[in-house]
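Residues per chain, in single letters:
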Amino acid sequence: ASNMIRAVETMVAAAPLGSPILVQPMVRELNCDPSATQLLDLWFQERRVPADLSECQRMHQGPPRLTLCSAVQHLGEVIDWLGNIDADTIFVASHAGFLSVLDYAAYSPPALVCGLLTCSIGFCKGNMENCEVREYRLIPKNSSSSQWYLRKAPASMPPSARMLAAPSAVS
């Protein structure tokens, strides 16, 4: 039904019971068309899972096909969206290709370019395993901005400052 369903199923299993699932249409499998918002909404309703699809409706599903180029182009927007969510901890489930792009951006912008040039982004070499957990920190660019940096979290960082990401499990 959807290239996003595996990620949504992962979030339903990982999120605390009753927590709404926020769907960001840019956080999806690379080289796939967007999921139909109405079908996702029906899926959530049939399973009685609280969900927020407002970003899907606002963005009109984003680019028709999420290529590596469009994922990189919209990465800052996705990071800012994550940073502006009112939560201490955010869980993100997607597919390895997109999460690898996110991972490289968390090291630094030059790391993303290096990953592209060396073909070590996830779908080239399969860097991320199913259900692998990565921890990140969202850092405001300045005190009066709604823009954010994403950085890898050190292992000793307190949970209140973490964002967790895991590729969806294979159905």
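Everything discussed here concerns the structure shown above.
Analysis parameters
Residues numbered from 1 in each chain as written. Predicted model: local features only at pLDDT ≥ 70, side-chain atom pairs only at ≥ 80, totals over all residues. Heavy atoms only, no water. Helix = DSSP H or I, 4+ residues; strand = E, 2+ residues; numbered from the N terminus. Buried < 20%, exposed > 50% of the residue type's maximum accessible area, 1.4 Å probe, protein only. Contact = heavy atoms within 4.5 Å. Areas by Shrake-Rupley, 256 points an atom, 1.4 Å probe, with all protein chains shown as cover. Salt bridge = Lys/Arg side-chain N within 4 Å of Asp/Glu carboxyl O. Core = buried A, V, L, I, M, F, W, Y, C linked by side-chain atoms within 4.5 Å. Phe/Tyr/Trp six-rings, centres within 6.5 Å; stacked < 30°, edge-to-face > 60°. Lys NZ or Arg CZ within 6 Å of the ring centre and 35° of its normal. Polar contact = N/O pair within 3.5 Å; in protein donor to acceptor, adjacent residues only side chain to side chain.

Okay, the overall build of the protein chain next. Looking only at helices and strands, the protein chain has eight helices and six strands in total. Going from N to C terminus, the protein chain has its helices and strands arranged as α-β-α-β-α-α-α-β-α-α-α-β-β-β. Each of the 171 residues in the protein chain was classed as buried or not, and the buried ones make up 44%. Restricting to contacts in the protein chain with at least 6 residues of sequence separation, those with at least 24 account for 73%. Accessible area for the protein chain stands at about 9,000 Å²; split by element, carbon and sulfur atoms hold 56% of it.

For the rest of this paragraph, the subject is the pattern of salt bridges. Enumeration over the complete set of coordinates arrives at three salt bridges. The partner of Arg 47 in a salt bridge is Glu 46, and the shortest N-O contact between them spans 3.4 Å. Classification of Arg 47 as partly exposed rests on a relative accessible area of 42%. Taking relative accessible area as the criterion, Glu 46 reaches 52% and is therefore assigned exposed. Between Arg 58 and Glu 55 there is a salt bridge, with the nearest N and O atoms lying 2.7 Å from each other. Separated by three residues within a single helix, Arg 58 and Glu 55 lie in helix 3 (residues 54–59), roughly one turn from each other. Salt bridges sharing common partners tie together Glu 55, Arg 58 and Glu 77.

The next thing to look at is the nonpolar core. Counting 23 residues, the largest nonpolar core has Leu 75, Ile 79, Leu 82, Phe 98, Leu 138 and Leu 150 as its most contacted members. Elements with a minimum of two residues in this core: helix 5 (75–83), strand 3 (90–94), helix 6 (96–107), strand 4 (134–140) and strand 5 (148–152). Top contributing element to this core by residue count: helix 6, with six residues. Ranked by size, the runner-up nonpolar core spans 15 residues in total, among them Ile 5, Ala 7, Met 11 and Leu 53.

Attention shifts here to unusual backbone geometry. Positive phi, close to 55°, is recorded for Arg 48, a residue that is not glycine. Here Arg 48 lies in the loop between helix 2 (37–47) and strand 2 (51–52). The exposure class of Arg 48 is exposed, given its relative accessible area of 76%.

Moving on: the side chain of Glu 55. Residue Glu 55 is classed as buried on the basis of its relative accessible area, which comes to 11%. Residue contacts for Glu 55: discarding those within four places in its chain leaves Val 23, Gln 24, Pro 25 and Trp 81.

It is worth spelling out the packing of aromatic side chains at this point. Taken as a whole and judged by the stated rule, the model has one aromatic pair. Geometrically, the ring pair formed by Trp 43 and Phe 44 is edge-to-face, given 5.4 Å between the ring centres and 85° between the ring planes. In this pair, the class of Trp 43 matches that of Phe 44, namely buried. Geometry around Tyr 149 places Lys 141 over its ring, the cationic atom sitting 5.1 Å from the centre.

Relative to the elements of secondary structure, Val 133 occurs in the loop between helix 8 (122–125) and strand 4. On the basis of relative accessible area, Val 133 is assigned to the exposed category, the value being 53%.

You can see Arg 28 is positioned in the loop between strand 1 (21–22) and helix 2. Its relative accessible area of 1% is what places Arg 28 among the buried residues. Within polar-contact distance, the side chain of Arg 28 engages the backbone oxygen of Pro 25 at 2.8 Å.

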